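# Secondary and tertiary structure notes
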Amino acid sequence: MATPDFVLDLRAKIGTDPLWLCGVTAVVVKGEQVLMVKRADNGAWTPVTGIVDPGEHPATAAIRETLEEAGIVAQVTRLARVGVTRPVVYDNGDQTQFVDLTWRLEWRSGEPHPADGENTEARWFGVRSLPSLSDDMARRVGAALLPHGEAEF
C-alpha cells in the first residue's frame, strides 16, 4: 500500500506515535451488484477504501479512490455511515486510527480491475453473494446498500 506523502511528512515529525486520519469507504453499486477489491496486503475482500488528502472533500476522495484502485467512474449518492476504526499498529510500529466515512456510490462507467497495485483483484459481486467480510466491513456495506436514509453513526 502506498503511504501518502503527507503521512510520511507527519511521520518524520511524530515518529510512530498515534496518528488520527480521515478515511473513506466507497461502496459502489451497479444494479444488484457491489464492487469489491481483494487487498494486496492481507488478501481480504473489501469495498474500496482510502485516505482523504489534506483539503480534499471526503466524497471526492471516495470517487478518486474508486477510480485509482479499481478503474471505475462512480458518483456519490449519499453518506451512509460514520464510524471510528480500532487502533492499528503496522509492522513498522506506526500507530493510527481512522474516522471512516462510508459512502454509497452508483457506477457510471468502467470495468473493474486492480488499477494501482493496492489490490490483486477487483470485481462485481451479487448483493446476496458477497465474499466473507469482517464484521466492521459488513456493517459498512450494509449501511451503504440502503438506497436512502440518514447516515448511521
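The rules behind these values
Every residue gets a number counted from 1 within its own chain, in the order that chain's sequence is written. pLDDT decides what is reported in this predicted model: residues at 70 or higher carry local features, side-chain atom pairs at 80 or more are listed and counted, and totals for whole chains, interfaces and linings draw on all residues regardless. To obtain the side-chain values, all non-hydrogen atoms of the structure were used and water was disregarded. Every case where a carboxyl oxygen of Asp or Glu lies within 4 Å of a side-chain nitrogen of Lys or Arg is listed as a salt bridge. Numbered from the N terminus, helices here are DSSP runs of H or I no shorter than four residues, and strands are runs of E no shorter than two. Between buried and exposed lies partly exposed: a residue is buried under 20% and exposed over 50% of the maximum accessible area for its type, with that area taken using a 1.4 Å probe on protein chains only. Two rings from Phe, Tyr or Trp (for Trp, the six-membered ring) form a pair when their centres sit within 6.5 Å of each other. Planes less than 30 degrees apart are called stacked, planes more than 60 degrees apart edge-to-face, and all others tilted. Only when the NZ atom of a Lys or the CZ atom of an Arg is both within 6 Å of the ring centre and within 35 degrees of the ring normal do we say a charge sits over the ring.

On inspection of all chains with the given rule, the structure shows 13 salt bridges. Between Glu-68 and Arg-64 there is a salt bridge, with its nearest N and O atoms 3.2 Å apart. Here Glu-68 and its partner Arg-64 are both found in helix H2 (residues 58-70), 4 residues apart, which amounts to about one turn of the helix. You can call Glu-68 partly exposed: its relative accessible area is 36%. The partner of Arg-140 in a salt bridge is Asp-136, with the nearest N and O atoms 2.5 Å apart. Taken together, the residues span about one helical turn, with Arg-140 and Asp-136 both in helix H3 (residues 135-145) at a distance of 4 residues. Accessibility expressed as a relative area gives 7% for Arg-140, which makes it buried. The class for Asp-136 is partly exposed, based on a relative accessible area of 24%. A single salt-bridge network, built from bridges that share partners, covers Arg-81, Asp-100, Asp-136, Arg-139, Arg-140 and Glu-152.

Moving on, we come to the packing of aromatic side chains. Taken as a whole, this structure holds 1 aromatic pair when the rule is applied. Taking 5.0 Å as the distance between ring centres and 75° as the angle between the ring planes, the aromatic pair formed by Trp-45 and Phe-125 counts as edge-to-face. Of this pair, Trp-45 sits in strand S3 (residues 45-46) while Phe-125 sits in strand S8 (residues 119-126), placing them 80 residues apart in sequence. Judged by relative accessible area, which is 15%, Trp-45 ranks as buried. Here Lys-30 stacks its cationic end above the ring of Trp-107, 4.3 Å away from the centre of that ring.

Worth remembering: the numbers are spatial, not functional.
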